[in-house]
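# Residue-level structural notes
Below, each chain spelled out in residue letters.
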Protein chains: 4
Amino acid sequence: MFFSSDNWAGAHESIAQRLLAESAGFASAYGTSNLDKKVEVRFCEVFEREVAVFFVATGTAANSLSLASVQRPGGVAFCHSEAHVIEDECGAPEFFSGSARLVAVPGESGKIDPAKLSAKIASFPEDDVHHGRASAVTITQATEIGTVYSLPEIGEISGIARKRNLALHMDGARFANALVALGATPAEMTWKRGVDMLSFGGTKNGCWCAEAIVFFNPDQAREMPFTRKRAAQLFSKSRFIAAQFDAYFENDLWLGLARHANRMADGLRVGIGASNSARLAWPTATNEVFAVVTTAAAKIAEGRGAKFYEWPVPAATPELVGGNETLIRLVTSFATTEADVDGFLKCLAA
Amino acid sequence: MFFSSDNWAGAHESIAQRLLAESAGFASAYGTSNLDKKVEVRFCEVFEREVAVFFVATGTAANSLSLASVQRPGGVAFCHSEAHVIEDECGAPEFFSGSARLVAVPGESGKIDPAKLSAKIASFPEDDVHHGRASAVTITQATEIGTVYSLPEIGEISGIARKRNLALHMDGARFANALVALGATPAEMTWKRGVDMLSFGGTKNGCWCAEAIVFFNPDQAREMPFTRKRAAQLFSKSRFIAAQFDAYFENDLWLGLARHANRMADGLRVGIGASNSARLAWPTATNEVFAVVTTAAAKIAEGRGAKFYEWPVPAATPELVGGNETLIRLVTSFATTEADVDGFLKCLAA
Amino acid sequence: MFFSSDNWAGAHESIAQRLLAESAGFASAYGTSNLDKKVEVRFCEVFEREVAVFFVATGTAANSLSLASVQRPGGVAFCHSEAHVIEDECGAPEFFSGSARLVAVPGESGKIDPAKLSAKIASFPEDDVHHGRASAVTITQATEIGTVYSLPEIGEISGIARKRNLALHMDGARFANALVALGATPAEMTWKRGVDMLSFGGTKNGCWCAEAIVFFNPDQAREMPFTRKRAAQLFSKSRFIAAQFDAYFENDLWLGLARHANRMADGLRVGIGASNSARLAWPTATNEVFAVVTTAAAKIAEGRGAKFYEWPVPAATPELVGGNETLIRLVTSFATTEADVDGFLKCLAA
Amino acid sequence: MFFSSDNWAGAHESIAQRLLAESAGFASAYGTSNLDKKVEVRFCEVFEREVAVFFVATGTAANSLSLASVQRPGGVAFCHSEAHVIEDECGAPEFFSGSARLVAVPGESGKIDPAKLSAKIASFPEDDVHHGRASAVTITQATEIGTVYSLPEIGEISGIARKRNLALHMDGARFANALVALGATPAEMTWKRGVDMLSFGGTKNGCWCAEAIVFFNPDQAREMPFTRKRAAQLFSKSRFIAAQFDAYFENDLWLGLARHANRMADGLRVGIGASNSARLAWPTATNEVFAVVTTAAAKIAEGRGAKFYEWPVPAATPELVGGNETLIRLVTSFATTEADVDGFLKCLAA
């Protein structure tokens, strides 16, 4: 009953076996091997266009270097108030981009409010050297709180960004979970809606370490080989990242893993919706479930070995959680079993 | 016959199998798992004292964050003219340390000349705000050209550094190869000779991705958890690095792998020394061999599939290489076989 | 009728004459002249304790280098939502501090709300590597909107900062105006209330270019000589900054100039308070006056040559300004005359 | 007898008087005043083309921001081994350019050797992510040791830079001294010979603080307004820099001051050449004179109040200075008098 995070899971067996198979033999280093090249082509197929792909070690790196690639002196990047980039990366995006500022834009359901984004951007007039310069917008898909931007919503954000020539970045740490939730293609959820660059996360969905930056316009990636090397993110045995992605894409394994994780979350959602000692804090569509549970039920679950995190009550809605209640986050993954889900739901019924 | 670099090899089978074994199950993320903790203790045992250990993705990261940890405004770090940090890391050490300058110190056999180091340090008087500030010394063990500092040589460098309170860093991308070449213990080759922090490399010696920064005085590592996270080097599934090191240390696997690589290089050294179409460019003690070969022999070797790099002729000794000769570098690894060595030597005799 | 900003004024005659007098002769460079030393002693007298003083070119530099001096990896500094450091310095504080993040704390009257500051600091738990690290608090005295922190208010903020060992910085671009408004001594308004470092501004109060960073604990300034030089802020002919401060302090010129500016603002406040076509937007105590004026009156004033800026209506109080009204900022300085004030007030009565 | 440095002098009377005259009145801030605009036009006239001009506080800032403007990730800038940027700016160029590396190129007479520059550039192949990227060349005119690049020499360097699309920067801290030494026009010594951007120094030649960055292709300056503001180099009362330049250019004052300084140095050169207790260390053409004097004569001069610096004996020519001799640097300026020169020469004859 491990619901703490999808990064508590290990590696999916197919990916682990592929790593083992790849361990023998020799290949050229630093991303130049045949396998690296093959996987780069695979990315182009997945996204139905030529893309430039850069493997990196962590999601933090993918986000930070993406934003760094479009940074200008005094630049600011707009993100949701609760975005990972501003909340949980210890200032890495600012560090790598030469001190760009992240400007928080609020919005319901973990999504940037388009009107508020427009207003915030407008508060940085072009050519005003004092305030700083609007440079980029970054959205998280799926969001930090388990919701997803619909395709039109992504289009609306990109339209706003386009008006001021701001680059649009998507933090796709849980890209696959959002994709299968929407039933969209990778192309539809990204460049066809105006996304310029993507942090494509594999780690949370069954890899042990596989993150990539994807540029939909390869011309914009010209500095990235140097940016990545200088950022200490160029693996010598890069082909082991490639191997993970190779297995990840094979026979649409990645989509299957994400569907499984989402389905396990569906189980939690249904069970919690029907429970007397718990309720959904807000609707989610992916592999994250936020529930208000009685403190008693939470204790029982913990006593039976369930792992999950308490979640801070959103400042805007203090009434969400009552006196003897707790807000918790439950995250499923490729490794979550129906037994885990049932086990947890039984705690609520105890 | 892959002699291009030790990072062209894959992962040793024991390490690959351990990764597979570890792929199942759940564990807490970001370096907090039991396995992470176990391996941290293992490092303390290996180095016979309490150390602070930080896993990172690349040797570039290990070197850069080590130097960053002792950086001060306007600081300079002294390294050998041919050191990896100054030659091959695209400015990463400067980037992570907030623009510290690397100052090259020459020296024979790839090793910093102590007298020249003293003189160079003296050219940065304390309290002179114009020149910059001596902050650190970094040595590479084994060096870029296959030699090793003897224990007294390390002690001499550290004595010079100590006089001006400069931190001493060791780039140990090939730490194990140097260690077994000297027949020393890890403690003797580091903190007992005044080394403050070490880039401990596992990747070139049989891991697929396992690098660690080791602080011999854990007090000096207080900022490092934040420095590493901000540098996008904190793996969520950190335990997979730990797993590699766990297997690496088990039954002294790491020392055995390094001994094997060095022995394969011995085979090359002996064969080249006896050859009519090649000679050793300079003596080496580890898994790198530099040879002057006739261009004809080099062509034959390449024709038979041997992989190796041409090496630039050192500016100081142009006479080293004659008109129809080529300077080449041959690197062995845990994966090199005697058949590879023999095959290469046969090319020279062809 | 120049009320746009106090930095539209030139230099006070005494200061200008002193610069002229100092122009002859030779003196050692880079802050080492006798005059530099004399003025450093003068700062100690003004603040009634040993202080470390560093002249810099701009208020932006003073603020940025102050914050840089206490910065740590992943660090965050807390400031008021409308503070100059976050609104008007193009990211300079982040840039110089190696990408520290500025976190905005709201509060009425342009002043940080102590309870909200405590809550915000608490959201950055110590030893959490993800969120970032609470490092410093910065307050602006006088504030951006013409108000001042009382001495107990400063003490309360510093008490909160102290609990988490955060450095407390004061942006004193209008230090003198606040000082005479409170009737306090420089010591009382700073270190006696827990301020660690001060941006001491002379430019807005009659110098042409004289800004200083003052450390109340000189031990904390040990890196600053290098930090300043590396920041390109060490003037070769530093004595010309010293000369300005020398004249500035002589016979308490600086206090007289600030009193004059505040008194001119008093004249505006009284006149506006009595006007039918204008009212004070909020009470201010220093040389800044914020007024809601009829758009007609504003036009008349502009027509007669008055210079001032429209000010954005605070988002929290849209009702402050009616349909045919405008919010304007009026700033007085040492160079403002009673005729200027009368002239402006007459526009309101026209 | 102040020969320590040209920055020990104060401000020329015409410039000091202009500052006084400008001290009254009001003008818009941050470089937007009429005077700022007027002086920008003046720069265009001086350089006979449209240029973009940015005032900054120090020569360090001018050099650092110039180099920052053409910096790329992993970039390197080539400079002479003894250049101010690498020797005397505490790492500021690296800091402002996001950790660009300065690579020293040797050369006689303080000037970059073109063949060695070509070779050094060639050691950074394009598209090699490991070594770093050739980005810029910077030359110092006049050089640190009093010599000047001839116009063809500048052209040769720019030709080499152009081949690899490297920007060419000129550090003109002593631009005027070099200009009058060559008898060239500002245009001839810069853009007509391929210089892209110039640090135009006024401080050492009679201003108290007036430095400017000049872009000969204004398109390349598009980021500079933000770069400068973020670098804390945008003066609020910028017009006082403008006022200095206005007086500096008026009636070619600047050329007259430089000619005077050079002529005073000529006096020293002639006198030293004829002396028995001194000789010129090497020929110089501007306001710096390097002399080998008997230690006895140096002592006498110091005893009579002469101020000058001992200069380190160049490592390449230890034989330059005998056992009881000292190498000294003598710098003249607009403020040096013939009496100073005569006084010093008399010490040599004593």
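Scoring rules and cut-offs
Residues numbered from 1 in each chain as written. Chains lettered and ligands numbered in written order. Predicted model: local features only at pLDDT ≥ 70, side-chain atom pairs only at ≥ 80, totals over all residues. Heavy atoms only, no water. Salt bridge = Lys/Arg side-chain N within 4 Å of Asp/Glu carboxyl O. Helix = DSSP H or I, 4+ residues; strand = E, 2+ residues; numbered from the N terminus. Buried < 20%, exposed > 50% of the residue type's maximum accessible area, 1.4 Å probe, protein only. Axes fitted to C-alpha atoms, helices over the stretch in contact; angles between N-to-C directions. Parallel < 35°, antiparallel > 145°, perpendicular 65-115°, else oblique. Contact = heavy atoms within 4.5 Å. Nonpolar A, V, L, I, M, F, W, Y, C, P; charged D, E, K, R; others polar. Buried area = accessible area lost by both parts, 1.4 Å probe. Least-squares fit on C-alpha atoms with pLDDT ≥ 70 in both. Core = buried A, V, L, I, M, F, W, Y, C linked by side-chain atoms within 4.5 Å. Polar contact = N/O pair within 3.5 Å; in protein donor to acceptor, adjacent residues only side chain to side chain. Phe/Tyr/Trp six-rings, centres within 6.5 Å; stacked < 30°, edge-to-face > 60°. Lys NZ or Arg CZ within 6 Å of the ring centre and 35° of its normal. Domains from an automatic or database assignment. Expected span 1.5 Å × (residues − 1). Pairing = 2+ DSSP bridges. Disulfide = S-S within 2.5 Å.

### Observations concerning the pattern of salt bridges
Taken as a whole and judged by the stated rule, the model has 60 salt bridges over all chains. For E94 of chain C, the salt bridge identified is with R101 of chain A, shortest N-O distance 2.6 Å. With one member in each of two chains, E94 of chain C in helix α5 (residues 92-96) and R101 of chain A in strand β3 (residues 101-105) form a pair that bridges those chains. According to the relative accessible area criterion, E94 of chain C is buried, its value standing at 3%. Among the residues examined, R101 of chain A registers a relative accessible area of 11% and is labelled buried. Where R164 of chain B meets E126 of chain B, a salt bridge forms, and the shortest distance between an N and an O atom there is 3.8 Å. Remark: E126 of chain B occurs in the loop between α6 (114-122) and β4 (133-140) and R164 of chain B occurs in the loop between α7 (151-163) and β5 (167-172); sequence separation between them is 38 residues. The class for E126 of chain B is exposed, based on a relative accessible area of 58%. Among the ionic contacts, a cluster of salt bridges with common partners joins D6, R174, E288 and R329 of chain A.

### Brief notes about the packing of helix α8 (residues 175-182) of chain C against helix α12 (residues 253-273) of chain C
Residue and element names in this part refer to chain C. At their nearest, the axes of α8 and α12 sit 8 Å apart, and the two run at 80 degrees to each other. Comparing their axes, α12 and α8 come out roughly perpendicular. Here F175, A176, N177, L179, V180 and A181 of α8 lie close against α12, whose contacting residues are W254, L255, A258, R259, A261 and N262. Each residue belonging to the contact of α8 with α12 can be placed in one class, and the counts come to 9 nonpolar, 2 polar and 1 charged.

### Let's talk about the interface of chain B and chain C
Of the residues lining the interface, 18 residues belong to chain B; the matching set on chain C comes to 18 residues. Between chain B and chain C, a total of about 1700 Å² is buried, with carbon and sulfur atoms accounting for 62% of that surface. Looking only at chain B, the three residues that lose the most surface to chain C are P73, V129 and F226 of chain B, adding up to 38% of its buried area. At the junction of chain B and chain C, the tally comes to 2 salt bridges. Close ionic contact of E223 of chain C with R133 of chain B constitutes a salt bridge, the shortest N to O distance being 2.4 Å. In terms of residue count, the dominant contributor to the side of chain B that touches chain C is helix α9 (residues 224-230) of chain B (5 residues). Each residue belonging to the side of chain B that touches chain C can be placed in one class, and the counts come to 6 nonpolar, 5 polar and 7 charged.

### Re the relation of the copies chain B and chain C
Its rotation angle being 180 degrees, the transformation that places chain B on chain C also includes 0.0 Å of axial translation and leaves an RMSD of 0.0 Å. Taken together, the rotation and translation relating the two chain copies correspond to the operation of a two-fold axis. For chain B, the residue whose C-alpha comes nearest the rotation axis is G98 of chain B, separated from it by 3.3 Å. The share of interface residues of chain B whose copies in chain C are also at the interface is 100%, consistent with both copies meeting through the same surface.

### Focus: the nonpolar core
Where a protein is soluble and globular, its nonpolar side chains tend to be buried together. F43 and F200 of chain A together with F43 and F200 of chain B are the most contacted members of the largest nonpolar core, which totals 135 residues. With 134 residues, the next largest nonpolar core counts L179 and L255 of chain C together with A11 and F240 of chain D among its residues.

### Some details on the environment of Q141 of chain D
Residue and element names in this part refer to chain D. Relative to the helices and strands, Q141 resides in the loop between β4 (133-140) and α7 (151-163). For the pair Q141 and L198, spaced 57 residues apart in sequence, the C-alpha to C-alpha distance is 9.9 Å. Contact partners of Q141, with chain neighbours within four places excluded, come to V148, Y149, I154, M170, D171, G172, R174, F175, A178, L182 and M189. Here the side chain of Q141 touches Y149 through a polar contact of 2.8 Å, landing on its backbone nitrogen.

### As for the interface of chain D and chain C
With 51 residues of chain D in contact, the opposing surface of chain C contributes 51 residues. Of the roughly 4300 Å² buried between chain D and chain C, counting both surfaces, carbon and sulfur atoms make up 67%. Contact with chain C buries surface across chain D, with F26, W208 and K237 of chain D losing the most and accounting together for 21% of the total. Our count for the chain D to chain C interface comes out at 22 residue pairs in polar contact (both at pLDDT 80 or more). Listing elements by their share of the side of chain D that touches chain C, those giving two or more residues are α1 (13-22), α3 (59-68), α5 (92-96), α9 (224-230) and α10 (239-249) of chain D. Tallied by class, the residues present in the side of chain D that touches chain C amount to 28 nonpolar, 16 polar and 7 charged.

### Comments concerning the relation of the copies chain D and chain C
After a rotation of 180 degrees and a shift along the axis of 0.0 Å, chain D superposes on chain C with an RMSD of 0.0 Å. The overlap is high: 100% of the interface residues of chain D also sit at the interface in chain C, so the same surface is used on both sides.

### Let's talk about the packing of aromatic side chains
Throughout the structure, instances matching the rule amount to 133 aromatic pairs over all chains. Seen in terms of ring centroids, F43 of chain A and F245 of chain A are 5.2 Å apart; in terms of plane orientation they differ by 80 degrees. Their pairing is edge-to-face. One end of the pair, F43 of chain A, is in helix α2 (residues 34-47); the other, F245 of chain A, is in helix α10 (residues 239-249), and 202 residues separate them in sequence. Here the aromatic cluster, defined as three or more aromatic residues joined through ring pairs, consists of F43, F47, F55, F175, F200, F216, F245, Y248, F249 and W254 of chain A. The side chain of R133 of chain D reaches across the aromatic face of F226 of chain A, ending 3.7 Å from its centre.

### Side note on the domain arrangement of chain A
All names here are of chain A. Segmenting chain A into domains produces domain 1 (11-252) and domain 2 (254-349). Summed over both sides, the interface of domain 1 with domain 2 buries roughly 1800 Å², with 64% coming from carbon and sulfur. Here R174 and E288 are joined by a salt bridge, their closest N and O atoms 3.4 Å apart. Inspection of the domain 1/domain 2 interface yields 12 residue pairs in polar contact (both at pLDDT 80 or more). Counting residues per element, the ones that place at least two in the side of domain 1 that touches domain 2 are α8 (175-182) and α10.

### What about α7 of chain B?
All names here are of chain B. Over its 13 residues, α7 runs 19 Å from end to end, which matches the ideal 18 Å to within 8%, given 1.5 Å per residue. Restricting attention to buried positions, one finds in α7 the residues L151, I154, I157, S158, I160 and A161. Where α7 is buried, its residues touch α6, β4, β5 and α8 (175-182). Backbone geometry just after α7 places N165 at a positive phi near 55 degrees.

### A few points about the sheet that holds strand β9 (residues 288-294) of chain D
Residue and element names in this part refer to chain D. Judged by pairing direction, the sheet is antiparallel, and its 4 strands sit side by side in the order β8-β9-β11-β10 without closing on themselves. Edge positions in the sheet fall to β8 (278-280) and β10 (309-310), since each has one partner strand and no second. Sheet topology places β8 next to β9; 3 bridges connect them, and they run antiparallel. When the sheet's bridge partners are listed, A278 is paired in β9 with V293.

### Here's the deal with the sheet that holds strand β10 (residues 309-310) of chain A
Residues and elements named next belong to chain A. Spatially, β8-β9-β11-β10 is the arrangement adopted by the 4 strands of the open sheet, whose pairing is antiparallel. Edge positions in the sheet fall to β8 (278-280) and β10, since each has one partner strand and no second. Each of β9 (288-294) and β11 (325-331) is contacted by helix α12 (residues 295-303), which is oriented at about 115 degrees to β9, the strand it contacts most.

### Structural notes on the state of the cysteines
Note: disulfide means a covalent bond formed between the sulfur atoms of two cysteine side chains. Inspection of the entire model under this criterion finds 0 disulfides over all chains. Its sulfur unpaired, C44 of chain A is 18 Å from the next cysteine sulfur, which belongs to C207 of chain A.

### Details of the packing of helix α1 (residues 13-22) of chain A against helix α1 (residues 13-22) of chain B
Closest axis-to-axis distance for the α1 of chain A/α1 of chain B pair is 9 Å, and the angle between their directions is 180 degrees. In terms of their interaxial angle, α1 of chain A and α1 of chain B are classed as roughly antiparallel. Contact with α1 of chain A, carried on its side by A16, Q17 and L20 of chain A, involves A16, Q17 and L20 of chain B of α1 of chain B and no other residues of that element. Along the lines of polarity and charge, the residues of the contact of α1 of chain A with α1 of chain B split into 4 nonpolar, 2 polar and no charged.

### A few points about the side chain of R101 of chain A
For R101 of chain A, the side chain forms a polar contact with the main-chain oxygen of I86 of chain C, separated by 2.4 Å. In terms of polar contacts, R101 of chain A uses its side chain to reach the side chain of E94 of chain C, at 2.6 Å. Sequence-distant contacts of R101 of chain A, that is, excluding residues within four places in its chain, are made with G75, V76, A77 and H131 of chain A together with V85, I86, G91, E94 and L102 of chain C.

### A word on the pairing of strand β2 (residues 75-80) of chain D
Residue and element names in this part refer to chain D. Counting buried positions over the 6 residues of β2 gives 6, a clear majority of the element. Summarising the sheet, β2 and β4 pair through 4 bridges and their orientation is parallel. Its bridge partner lying in β4, A77 is registered against A136.

### Overview of unusual backbone geometry
Glycine aside, residues mostly have negative phi angles, and peptide bonds mostly take the trans form. Residue and element names in this part refer to chain A. In this structure, the amide linkage connecting Q141 to the following residue, A142, adopts the cis form with an omega of -10 degrees. Turning to its location among the elements, A142 is positioned in the loop between β4 (133-140) and α7 (151-163). Of note in the backbone geometry, A232 takes a positive phi value of approximately 65 degrees without being a glycine. Checked against the element boundaries, A232 lands in the loop between α9 (224-230) and α10. Judged by its relative accessible area of 1%, A232 is buried.

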